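# Summary of structural features
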Amino acid sequence: MRQLVLLLFSAATSMLGYAQQVKIITSNQLNSRFKKGEDTTYVVNFWATWCSPCIKELPSFEKLKKHNFIKPVRVILVSTDLRKKDLSYISAFVKKYHLTDDLYLLDEEPADYLSAISSKWTGSLPATLIIKPRKNNRAFYNRPLSYEELVSIIDAD
């Protein structure tokens, strides 16, 4: 009986951990995060659960989180799924694909966030924003990026 209780508690705790991983964010809140770390390079990937090129690309960002860069690099994954979609659905997706840390769901309509992220963003996915605050550099890629491309972009000075 004790083992069953421990097993159920462990399962419930695990499920809660994933449900709490995905946080709601607006484009203004996201942009304000970039001002916090002047020496940090931010890699922000915009994706959706229905976007197959996004899903194919997500492992590159997970791998990037583990890469040992000389300078600090922060990878942020932002779902553009509509807020109407149940947050538990996004959380289940995150669990299924083993996504970790810095996971957000944009709480705005595309008309509100596209220009706030980049004037170059047409709305297509996947999209990646790479910000190097120290160099005042903000690069936007409206296409899938491979792991090797991401490392090369981040390492470039």
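Structure first, text after, so check above.
Residues numbered from 1 in each chain as written. Predicted model: local features only at pLDDT ≥ 70, side-chain atom pairs only at ≥ 80, totals over all residues. Heavy atoms only, no water.

Let us look at the pairing of strand β5 (residues 127-132). Burial runs high along β5: six of the six residues are buried. Burial of the side chains of β5 extends over both faces: Ala127, Leu129 and Ile131 are buried on one face and Thr128, Ile130 and Lys132 on the other. In the sheet, strand β2 (residues 41-47) pairs with β5 via five bridges, with the strands oriented antiparallel. Bridging from a neighbouring strand, valine 43 pairs with isoleucine 130 of β5. Of the pairings in the sheet, the one linking β5 to strand β6 (residues 137-141) comprises five bridges and is antiparallel in character. (Buried < 20%, exposed > 50% of the residue type's maximum accessible area, 1.4 Å probe, protein only. Helix = DSSP H or I, 4+ residues; strand = E, 2+ residues; numbered from the N terminus. Pairing = 2+ DSSP bridges.)

Within the fold, serine 146 resides in the loop between β6 and α6 (147-155). Residue serine 146 is classed as partly exposed on the basis of its relative accessible area, which comes to 27%. Considering only alpha carbons, one finds serine 146 and glutamate 57, 89 residues apart in sequence, at a separation of 7.0 Å.

Approximately 150 Å³ is the volume attributed to the largest pocket. Every residue lining the largest pocket is listed: Asn31, Phe34, Lys35, Ile131, Lys132, Pro133, Asn136, Asn137 and Arg138. (1 Å grid on protein atoms, 1.4 Å probe; cavity = no way out; pocket = protein on both sides within 12 Å on 5 of 7 lines; lining within 4 Å. Points joined across faces, edges and corners; volume = space filled by probe spheres on them.)

Inspection of the entire model under this criterion finds four salt bridges. Between aspartate 102 and arginine 33 there is a salt bridge, with its nearest N and O atoms 3.7 Å apart. With aspartate 102 in the loop between α4 (87-96) and β4 (103-106) and arginine 33 in helix α2 (residues 27-33), the pair connects residues that are 69 residues apart, well separated along the chain. The two residues aspartate 102 and arginine 33 agree in class, both being buried. Across the salt bridge formed by arginine 74 and aspartate 102, the nearest N and O atoms sit 2.5 Å from each other. Here arginine 74 is found in strand β3 (residues 73-79), whereas its partner aspartate 102 is found in the loop between α4 and β4, with 28 residues between them in sequence. Its relative accessible area of 37% is what places arginine 74 among the partly exposed residues. Looking at aspartate 102, the relative accessible area reads 10%, which means it is buried. A cluster of three or more residues bridged by salt bridges with shared partners is formed by Arg33, Arg74 and Asp102. (Salt bridge = Lys/Arg side-chain N within 4 Å of Asp/Glu carboxyl O.)

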